[in-house]
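Structural overview for review
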Amino acid sequence: MFCFAFWNLENLFAPENYAEREPRIASAVGSSLRGWTESLFTTKLQQLAKVILAMNNNHGPDVLGVCEVENRYVLEALVDRLNAASSRVYDIVHADAAKDRRGIDTAFIYDSAVFSVAPESIFSHIVIRRTGTRDITQVTFRSIPGGKDIVALANHWPSRSGSSREESAGFRAVAGETLAYWHMRIREELGDDVAIIAMGDLNDDPWDASVLRSANAIREQGDVERSRSAKFYNLAWQYLSKHCEDHQGNTRTLDGSLYYKNDGNLFDQILVNRSLLKGEAGYKVHVDTADIFTFAEMVDHRAGYGPMRFGLPAGDVAKNIDESGFSDHFPVSVLIEQHN
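What you are looking at is a predicted structure, and each value in this text was computed from that prediction instead of being measured.

Conventions adopted
Residues numbered from 1 in each chain as written. Predicted model: local features only at pLDDT ≥ 70, side-chain atom pairs only at ≥ 80, totals over all residues. Heavy atoms only, no water. Helix = DSSP H or I, 4+ residues; strand = E, 2+ residues; numbered from the N terminus. Expected span 1.5 Å × (residues − 1). Contact = heavy atoms within 4.5 Å. Polar contact = N/O pair within 3.5 Å; in protein donor to acceptor, adjacent residues only side chain to side chain. 1 Å grid on protein atoms, 1.4 Å probe; cavity = no way out; pocket = protein on both sides within 12 Å on 5 of 7 lines; lining within 4 Å. Points joined across faces, edges and corners; volume = space filled by probe spheres on them. Nonpolar A, V, L, I, M, F, W, Y, C, P; charged D, E, K, R; others polar. Buried < 20%, exposed > 50% of the residue type's maximum accessible area, 1.4 Å probe, protein only. Salt bridge = Lys/Arg side-chain N within 4 Å of Asp/Glu carboxyl O.

1. A word on helix H3 (residues 72-84)
- In this model, H3 (13 residues) spans 18 Å end to end at C-alpha, consistent with the 18 Å of a helix rising 1.5 Å per residue.
- Where H3 is buried, its residues touch strand S1 (2-12), helix H2 (38-58), strand S2 (63-69), strand S3 (90-94) and strand S4 (105-111).
- Where H3 begins, the side chain of asparagine 71 points an oxygen toward the backbone nitrogen of tyrosine 73, at a separation of 3.2 Å.

Put into structure tokens, the structure is as follows:
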């Protein structure tokens, strides 16, 4: 049984004085990174690693899609910490989002003793918009042993910028259409029965048009199982709410994978195709295992809040950083079984 997960790591940037930062990125995020010391960066890595290694019943995920990472340097620093603290042998799939305005990337962290990756199977699909760009990272993982392929796509769709979400809805529709197009192309290249999983922070809820219509990711599992076209079943419908324990030991019910202005949103989603639902290519998803992953230490006790955030200093560490925090998103995960 393999654990596939996704987590928005919330602004995982290298320290303020990182010498290889691109000038355009330094210009875009420089004010936010004032006071972002090597020590704070290290503490952030420790906090992230603590949660990642607690996933999958304290075994860590086999594959973790991530977003909001600056570059390969920060991914390698995180993987070094994960490998030092576990028996896993994590490696990285990373394609630089060179055109993103803030330079934040999508990527995968995976156990190289469980899956192999052929370099030619890695693609970065650019999502074009007027005010910036986001990318979708695609890779084919091959199981060790077993030799069975599963195509994974890590997504981070454009944010709800502007005074209302409607102003930016078209950008996310383009991202959804981009995902749907590559879903179709993957099937054309690798066969209709290829196993495909798409994960990410979609910046829209499962019922929004960008997800339902543009990405063709729907709620009706049976419709996907019967479909001959490129449809996804959206596993986020399995975790509309989550019962958990907060950092004070109280029982809480969460209404999303993140909170904004006291409201829960379910932006972090896992989409699977017909093959994974029916077990057509050697993998079968266990639909009822799809869930928001919570770690009591990271769950805020306040009703209008979700995860405990770490934050960025923006020139005022005391005000803007919580060293006991983690990210502004909870991870999501699901179990997938390999069979003959």
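2. Digging into the layout of surface pockets
- Looking at the second largest pocket, its volume works out to about 460 Å³.
- Ser121, Gln138, Thr140, Ile186 and Leu190 are, among the 20 residues lining the second largest pocket, the residues nearest its centre.
- Taken together, the elements giving at least two residues each to the lining of the second largest pocket come down to strand S5 (115-117), strand S6 (123-129), strand S7 (132-143) and helix H4 (165-190).
- Looking at the lining of the second largest pocket, the element that brings in the most residues is H4, giving 5 residues.
- Within the lining of the second largest pocket, the residues separate by chemical class into 9 nonpolar, 5 polar and 6 charged.

3. Here we look at unusual backbone geometry
- Of note, the bond from isoleucine 144 into proline 145 is cis; its omega dihedral lies within 30 degrees of zero at -10°.
- Residues other than glycine seldom take positive phi values, yet asparagine 203 does so here, at roughly 55°.
- Among the secondary structure elements, asparagine 203 is positioned in the loop between strand S9 (195-201) and helix H5 (209-214).
- Backbone geometry at asparagine 216 places phi at a positive 60°, although glycine is not the residue there.
- For asparagine 216, the position within the fold is in the loop between H5 and strand S10 (217-218).
- According to the relative accessible area criterion, asparagine 216 is partly exposed, its value standing at 22%.

4. Some remarks on the pattern of salt bridges
- Enumeration according to the criterion identifies 17 salt bridges in this entry.
- Between lysine 50 and glutamate 297 there is a salt bridge whose closest N-O contact spans 3.1 Å. Separated by 247 residues along the polypeptide, lysine 50 in helix H2 and glutamate 297 in the loop between strand S17 (283-292) and helix H8 (317-320) bring together distant segments of the chain.
- Judged by relative accessible area, lysine 50 falls into the partly exposed class, the value being 34%.
- One salt bridge connects arginine 88 with aspartate 111, and the closest N-O pair in it is separated by 2.9 Å. Residue arginine 88 is found in the loop between H3 and S3, and its partner aspartate 111 is found in strand S4; the two are separated by 23 residues along the sequence.
- The exposure class assigned to aspartate 111 is buried, which follows from its relative accessible area of 4%.
- What emerges from the salt-bridge pattern is a single network uniting Arg160, Arg172, Asp204 and Asp208.

5. Here's the deal with the pairing of S9
- By the criterion of burial, S9 is predominantly enclosed, with 7 of the 7 residues buried.
- Residues of S9 alternate between two faces, with Ala195, Ile197, Met199 and Asp201 on one and Ile196, Ala198 and Gly200 on the opposite face, all of them buried.

6. Here's the deal with H2
- Helix length check: H2 (21 residues) gives 28 Å between terminal C-alpha atoms against 30 Å at 1.5 Å per residue, within 8%.
- Residue glycine 60 follows H2 closely and has a positive phi angle near 80°.

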